[in-house]
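# Inside the fold
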Amino acid sequence: MTENTGVNRLSSVIAGSTIMIALSILPIINFINLFFCSGIIIGGFFGVLSLNRQMRRAGTIMTYKDGVLTGIISGFLAAVTVSGINIISLVYSSVNPISEAMQVFGNYLKNMPPEMLNQLKQLENDFNTQGYSVTLILFTFLSNILIFPLFGAAGGLLATSIILRNKSSLPPES
Amino acid sequence: MNKKIYLIFLSVSFVWTLLIYMAPVLSTAGSFLATISDFIYIFYSKTCHQIDERSFHLIGAKVAVCSRCSSVYSGFLLSVVLYPFVKGINSLKMPPLWFLIAASVFMVLDVFLDIGGIFSNTFISRAITGGIIGFILPFYLIPGTMNFANEIYNKYTGNK
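The shown structure was predicted, so the numbers you read here are calculated from the model rather than taken from an experiment. (Residues numbered from 1 in each chain as written. Chains lettered and ligands numbered in written order. Predicted model: local features only at pLDDT ≥ 70, side-chain atom pairs only at ≥ 80, totals over all residues.)

### Concerning the nonpolar core
Worth spelling out the cut-off: Working definition: the nonpolar core is a set of buried Ala, Val, Leu, Ile, Met, Phe, Trp, Tyr and Cys residues, joined through C-beta atoms within 7 Å. Working definition of burial: number of other C-beta atoms within 10 Å of the residue's own, with buried at 20 or more, exposed at 12 or fewer, and partly exposed in between, all C-beta atoms being placed from the backbone. Put simply, DSSP marks the helices as runs of H or I at least four residues long and the strands as runs of E at least two long, and each gets a number from the N terminus on. Residue pairs are scored as contacts if the distance between their C-beta atoms, which are placed from the backbone, is within 7 Å.
Within the largest apolar cluster, 69 residues are counted, with the highest numbers of intra-cluster contacts made by Phe45 of chain A together with Val65 of chain B. Residue contributions to this core peak at nine residues, all from helix 2 (residues 38–58) of chain A. Beyond its immediate sequence surroundings of up to four residues, Val65 of chain B is in contact with Ile20, Tyr44, Thr47, Cys48, Gln50 and Ser70 of chain B.

### Some points on the environment of Ser37 of chain B
Mapped onto the fold, Ser37 of chain B is located in helix 2 (residues 31–45). Expressed as a C-alpha distance, the spacing of Ser37 of chain B and Pro138 of chain B, which sit 101 residues apart in the sequence, is 28 Å.

### So, the interface of chain B and chain A
Using the following cut-off: For this classification, Asp, Glu, Lys and Arg are treated as charged, while Ala, Val, Leu, Ile, Met, Phe, Trp, Tyr, Cys and Pro are nonpolar and the rest, including Gly, are polar.
Across the contact, 38 residues belong to chain B and 29 residues belong to chain A. Elements with a contribution of two residues or more to the side of chain B that touches chain A: helix 1 (2–27), helix 2, helix 3 (67–86) and helix 6 (138–157) of chain B. Class assignment of the residues belonging to the side of chain B that touches chain A gives a composition of 17 nonpolar, 17 polar and four charged.

### Structural notes on the environment of Ser120 of chain B
Residues and elements named next belong to chain B. Mapped onto the fold, Ser120 is located in the loop between helix 4 (97–115) and helix 5 (123–136). With 8 C-beta atoms counted inside 10 Å, the residue Ser120 sits in the exposed group. Residues Ser120 and Asp110, 10 residues apart in the sequence, show an inter-C-alpha distance of 8.3 Å.

### A few points about the confidence of the model for chain A
Heads up, the condition is: On a range of 0 to 100, pLDDT expresses the predictor's confidence in each residue.
Summing up the model confidence of chain A, the mean pLDDT is 81 and the portion of residues at 70 or higher is 79%. Put simply, helix 5 (residues 106–110) of chain A is where chain A has its lowest mean pLDDT, 60, and helix 2 of chain A is where it has its highest, 92.

### Notes on the packing of helix 1 of chain B against helix 3 of chain B
Residues and elements named next belong to chain B. The condition is simple: Fitted lines through C-alpha atoms give the axes, limited to the stretch in contact for helices. The angle between two N-to-C directions lies from 0 to 180 degrees. Relative orientations are named as follows: roughly parallel for angles under 35 degrees, roughly antiparallel for angles over 145 degrees, roughly perpendicular for angles from 65 to 115 degrees, and oblique for any other angle. Helix crossings are classified by the rotation of the near helix relative to the far one: an anticlockwise turn of less than a right angle makes the crossing left-handed, while a clockwise turn makes it right-handed.
Running from N to C, helix 1 and helix 3 cross one another at 150°; their axes reach a closest spacing of 10 Å. The orientation of helix 1 relative to helix 3 falls into the category roughly antiparallel. The hand of the helix 1/helix 3 crossing is left-handed. Of helix 3, the residues touching helix 1 (which contributes Tyr6, Phe9, Leu10, Ser13, Phe14, Trp16, Thr17 and Ile20) are Ser70, Tyr73, Ser74, Phe76, Leu77, Val80 and Pro84. Across the contact of helix 1 with helix 3, the residue classes tally to 11 nonpolar, four polar and no charged.

### Overview of unusual backbone geometry
Trans peptide bonds make up the majority, and among non-glycine residues the majority have a negative phi. Residue and element names in this part refer to chain B. For Gln50, which is not glycine, the phi torsion reads 55° and is therefore positive. Locating Gln50 in the fold gives a position in the loop between helix 2 and strand 1 (57–58). What makes Gln50 buried here is the crowd of 21 C-beta atoms within 10 Å. Here Ile59, not a glycine, exhibits a phi torsion of approximately 35°, which is positive. Following the sequence through the fold, Ile59 ends up in the loop between strand 1 and strand 2 (61–62).

Here it is as structure tokens:
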């Protein structure tokens, strides 16, 4: 991924995904993702800033495609890594996350419809019998694969839009 | 081309926001729909703390994200709907950067002044600061998405 121009896109993708992963798994600072995935947006944003710095040094001009792809690929890489870390910690942890969640949201559960409660109890039983829930692991993975590239692309697009805001390279089409 | 991109952008924003408000409605509908609602809550838990006391409620159940996030996404959708009337669908010009910075500063202040115990934020302050940034973002993201799509389109059709 290193071009003749000296631009290493992979390093920008890794920089972006490292920020996303750090802001998603490190305790306390991972709260940032609870504000509409700000951690993922910031990762995509800084991945593109890193790419832009390299491209400026190499004398090439960044395009929207570069920015969006950096955000998407950073998000995809981070999603796979974060899902892997989550799955490993779920399998090796003795804590049942569903039981924990049910304790935290105790009052709310009283108002929950019985069908939803049954669904949660099913997931809780999966953890008690197998130590993990295939449904939850699959759903977590699929959610991450959708959310990380989506918000990563938003961060990348935002950074590119700011970098190129005074350069309207393409005329609007009718 | 720009119209198609805008419609895709609008559809994604609409579905994303609709699911937030459908979660409590589906949860009361029972059986299979309640299971879907359950998965909607789990899906959005990746993006929001979903604390009950900090969330808007619909027919007795909380919506899928907190009041700040639901304001961000609702403001975002409103802005996407209004975009063609405010800027015109073919406009690729972005507003000055300080609009985005000011909106971000308002929201960050609302969060950190509360954490620091200097000012207790409320449903109204969270909804307003979230709504403002949600409303501002499409004015940067829609032109960016259109530029991106135009670049891809021009590359594959050979237009310069």
